[in-house]
Amino acid sequence: MNKRFRIGENFNLTHLKNIMQAFCSMVALVHLSNAAIREVSIVFYGMVFCTFYYLYKNSLLADSRIEKISIRISLLFTVFMFLGNDFLGKCIGNSIYVVITICAATFGMFFMFREILAKIYNKWMEIDSQVQRVEYKEKWDTRKVFWISLVSMWGIYLIYFLNQYPGSLSCDTRAQLRQAIEVSGFENMNPLVNTLLITVCVQIGMAVGGNVNFGIAVYTVIQFTLAAFIFAYVVSVLNKKGFHKLLVLISWGFFAVVPHNIVYAIGMWKDSFFALFFLLTIVYFWDIIENKEIKRYQYIILFAYSLIASLARNSGWSSLLAFVVFMIIGARKNKRIMRTAITVLVGVIGNFIIISCIYPLFASKASTNVTTAISVPIQQISRVVAIGCELTEYEEELIDNLVDIEKIPELYDETISDPVKFSINKAELEENYSEYVKLWLKLGLQYPKCYLDAYIALTKSYWYPDSSTWKWDARILENNYGVYRTPLILKNEDITNWFYRLYDFPKGSVFNNHSTILWLIIVCFGYAAIKKNKMAMIMFVPILAIYGGLMFTSPVALFRYVYGAIVCTPFLVCIPYLKIEGKE
């Protein structure tokens, strides 16, 4: 009797809370893994429940700042997981049992993510001293690190290049190659600065080697040499700043042997060109900003890097501009940082001057593409038509003037706006733009769930962990320019196929997913917030801006579009440790 009384006495609200959290987390795990109850034994569920109960019983949410950041990030992650699993759609019209189960799973995801994040942050705090800056005597020689990294990376890229000779030729680069061969008809739909570099290389190749293939090879060698140089510079900066040797080695491995970095170093993509200079601009900014005195030539170099990064992608300037704005606000009392941030701003402004004053000399077409910028609204209206939502006669007429309304159900692909986008009457859109804005707003109020579904389907690969599109295109597409693959080594093997097999392995796919990097960025940003490192938080802005911009304007969620953020991965882990003071 006394024993039972003592048990009841100990069974307080904390135990009940832990039991409820463990139960909800178990339900969440079932939903996330798409497991059916009949397919898994009750013993398994018991083990999962006990594991979660132990996790919550030994909660690490003692630190109030860790708790606040963990809760905020977990709420954000839970919302996206809720949307990605279409829990809202599953609730509508279903039984009360299904609704309760989904609610339990949603709360369970939040509890689970919050606790996991708290443990990560607490562990990170424990090993902080090991990852923090070390004394100079404990570091490797920075020059040796740079040259060893450069030579080793270049050698690895060379092997892949020789197997893929002369490189790759994608849809976008076919248009650039046509302009390069004809040396006319230049346009800025694909960044002109990249097209001009291709033109120079192709003309050299045709003059020296007598064929376009050799010209493509010249460009590819220049690009992967540039990639090796920039990646080696990043690794050497991490070493120079005193980060742990293991982190320096991991950073080298990320650039040297992770397949997508090898493929993008060789691939003739505008995205590779932008990613390299974007990474170089951000890291060089960090490299010089920690110095007490910045030389004039360093300002000039930073200006050049930011200018090329802005020109290398038609929307590249927006990420740097967001960075500059936040940096100027955050470091307004530090003249040295202000001058450095303004240098980047001058590079961004230089981008507009060149596009407005110099590009017209090459008879280049405007870079703006209004239909690409409004890809999300296009998909949302198209979905309304495709699934047969009710429209008024005027609405049908308005849409039909823009694109044949009868063809929309056939053209509509929820993952890409191109089929509908390329069928749009641009003259009609420009003439009656305000009318179509009103139509979009009106249909959105009428069919909010349809709009939400269209947005989720289009952008899901950017933020949902279990969703992915192709990571690269290493092919040489059919062309009339005489470009064809002629492997110089391992002629019976395609190394790219080895990479595909690696990414087919579940863990390889997860750790190289679009969204994995986005959530890594957010988790690292959270750690910088825990450390109250305001300037480090601002350093995340340009990387987050790449994702943010694409989630509102991207015509399709592609890995290459966010490669500029993905290639910054080693730098992301180090950002919370940046020693930059907002005050002089």
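Refer to the structure above for everything that follows.
Per chain, residues are indexed from 1 in the order of the written sequence. Predicted model: local features are reported for residues with pLDDT of at least 70 only, side-chain atom pairs are reported and counted for 80 or more only, and whole-chain, interface and lining totals are derived from all residues. To obtain the side-chain values, all non-hydrogen atoms of the structure were used and water was disregarded.

A.B. asks: Where do I start with the packing of helix 6 (residues 96-126) against helix 28 (residues 514-530) in this structure?
C.D. replies: To characterise two packed helices, one gives the angle between the axes of the helices and the distance between these axes. Packing of helix 6 against helix 28 brings their axes to within 11 Å, and their N-to-C directions diverge by 60°. Judged by the angle between their axes, helix 6 and helix 28 are oblique. Two packed elements cross with a definite hand, and for helix 6 against helix 28 that hand is right-handed. Contacts between helix 6 and helix 28 involve L117, Y121, W124 and M125 from the first element and I522, V523, C524, G526, Y527 and I530 from the second. Axes here refer to lines fitted to C-alpha atoms; in helices the fit is confined to the stretch in contact. Angles between the N-to-C directions go from 0 to 180 degrees. Strands here are runs of E lasting at least two residues and helices are runs of H or I lasting at least four, both read from the DSSP assignment and numbered beginning at the N terminus. Any angle that is under 35 degrees is reported as roughly parallel, and any over 145 degrees as roughly antiparallel; angles of 65 to 115 degrees are reported as roughly perpendicular and all others as oblique. Crossings are classed by handedness, with left-handed meaning an anticlockwise turn of the near helix from the far one by less than a right angle and right-handed meaning a clockwise turn. By definition in these notes, contact holds between two residues if any of their heavy atoms fall within 4.5 Å.

A.B. asks: For this particular structure, what's the right way to read the packing of helix 4 (residues 64-84) against helix 25 (residues 448-463)?
C.D. replies: Contact geometry of helix 4 with helix 25 gives a least axis separation of 10 Å together with a crossing angle of 120°. Looking at the two axes, helix 4 sits oblique to helix 25. Classified by chirality, the crossing of helix 25 by helix 4 is left-handed. Touching F80, L83 and G84 of helix 4 are L452, I456, K460 and W463, all from helix 25. Polar here means any residue outside two lists: the nonpolar Ala, Val, Leu, Ile, Met, Phe, Trp, Tyr, Cys and Pro, and the charged Asp, Glu, Lys and Arg; Gly therefore counts as polar. Its residues assigned to classes, the contact of helix 4 with helix 25 comprises 5 nonpolar, 1 polar and 1 charged.

A.B. asks: Sorry if this is basic, but what is going on with helix 25 here?
C.D. replies: In an α-helix, one turn spans 3.6 residues; hence positions three or four apart end up facing the same way. The angle between axes fitted to the seven residues ending at a residue and the seven residues starting there is what we call the bend at that residue. At A457, helix 25 is deflected by roughly 45°, the largest bend along its length. Counting buried residues along helix 25, 12 of its 16 residues qualify, which places the element largely inside the surrounding structure. Relative accessibility under 20% of the residue-type maximum defines a buried residue, over 50% an exposed one, and the middle range a partly exposed one, all with a 1.4 Å probe and only protein chains included. The set of residues buried in helix 25 consists of C450, Y451, D453, A454, Y455, I456, A457, L458, T459, S461, Y462 and W463. Among the structural elements, helix 4, helix 19 (375-386), helix 24 (433-446), helix 28 and helix 30 (541-553) are those in contact with the buried residues of helix 25.

A.B. asks: Looking at this structure, I do not really get a positive patch on the surface. What am I missing?
C.D. replies: Taken together, the side chains of R65, K68, R72 and K532 define a basic patch exposed on the protein surface. Position of K532 among the secondary structure elements: in the loop between helix 28 and helix 29 (534-539). Surface patches are drawn from residues lacking salt bridges whose relative accessible area is over 30%; two like charges belong together within 9 Å, two nonpolar side chains (Val, Leu, Ile, Met, Phe, Trp, Tyr) within 5 Å. Each accessible area value is a Shrake-Rupley result obtained with a 1.4 Å probe; residue values ignore everything except the protein chains displayed when judging cover. By definition, a salt bridge exists where a carboxyl oxygen of Asp or Glu is found within 4 Å of a side-chain nitrogen of Lys or Arg. Charge assignment in this entry is limited to Lys and Arg as positive and Asp and Glu as negative, and neither His nor the chain termini are counted. Where a charge sits is defined by one atom per residue type, namely NZ (Lys), CZ (Arg), CG (Asp) or CD (Glu).

A.B. asks: How do you make sense of a nonpolar patch on the surface when you look at a structure like this?
C.D. replies: Together, V200, I204, V208 and F214 make up an exposed nonpolar region whose accessible area comes to about 350 Å². Counting residues per element, the nonpolar patch draws most heavily on helix 10 (residues 192-208), which supplies 3 residues. Relative to the elements of secondary structure, I204 occurs in helix 10. Take I204: its relative accessible area is 40%, and that puts it in the partly exposed class.

A.B. asks: Hey, could you run me through unusual backbone geometry in this one?
C.D. replies: Leave glycine aside and you will find that most residues have negative phi; peptide bonds, for their part, are mostly trans. Cis geometry marks the peptide bond from Y165 to P166; its omega dihedral reads 5°. Mapping P166 onto the fold places it in the loop between helix 8 (142-164) and helix 9 (171-182). A positive phi angle is found at D86, which is not glycine, with a value near 55°. Locating D86 in the fold gives a position in the loop between helix 4 and helix 5 (87-91). Positive phi, normally seen in glycine, also occurs at K532, with a value near 55°.

A.B. asks: Any chance you could explain the packing of aromatic side chains here in plain terms?
C.D. replies: Aromatic ring pairs are described here by two measures, namely the spacing of the ring centres and the angle between the planes. Centres within 6.5 Å make a pair out of two Phe, Tyr or Trp rings, where for Trp the six-membered ring is used; the pair is then stacked when the planes are under 30 degrees apart, edge-to-face when over 60, and tilted otherwise. Per the counting criterion, the structure on display carries 30 aromatic pairs. Ring plane angle 50° and centroid distance 5.0 Å describe the contact between F80 and W463, whose orientation is recorded as tilted. Linking F80 in helix 4 with W463 in helix 25, this pair joins segments that are 383 residues apart in sequence. Of the two residues, F80 and W463, both sit in the buried class. Each residue in the set F77, F80, F113, W463, Y464 and W519 is aromatic and connected to the rest through ring pairs, giving one cluster. The ring of W286 has K241 sitting right over it, with the charged end atom 5.7 Å from the ring centre. By definition, being over a ring means that NZ of Lys or CZ of Arg is both within 6 Å of the ring centre and within 35 degrees of the ring normal.

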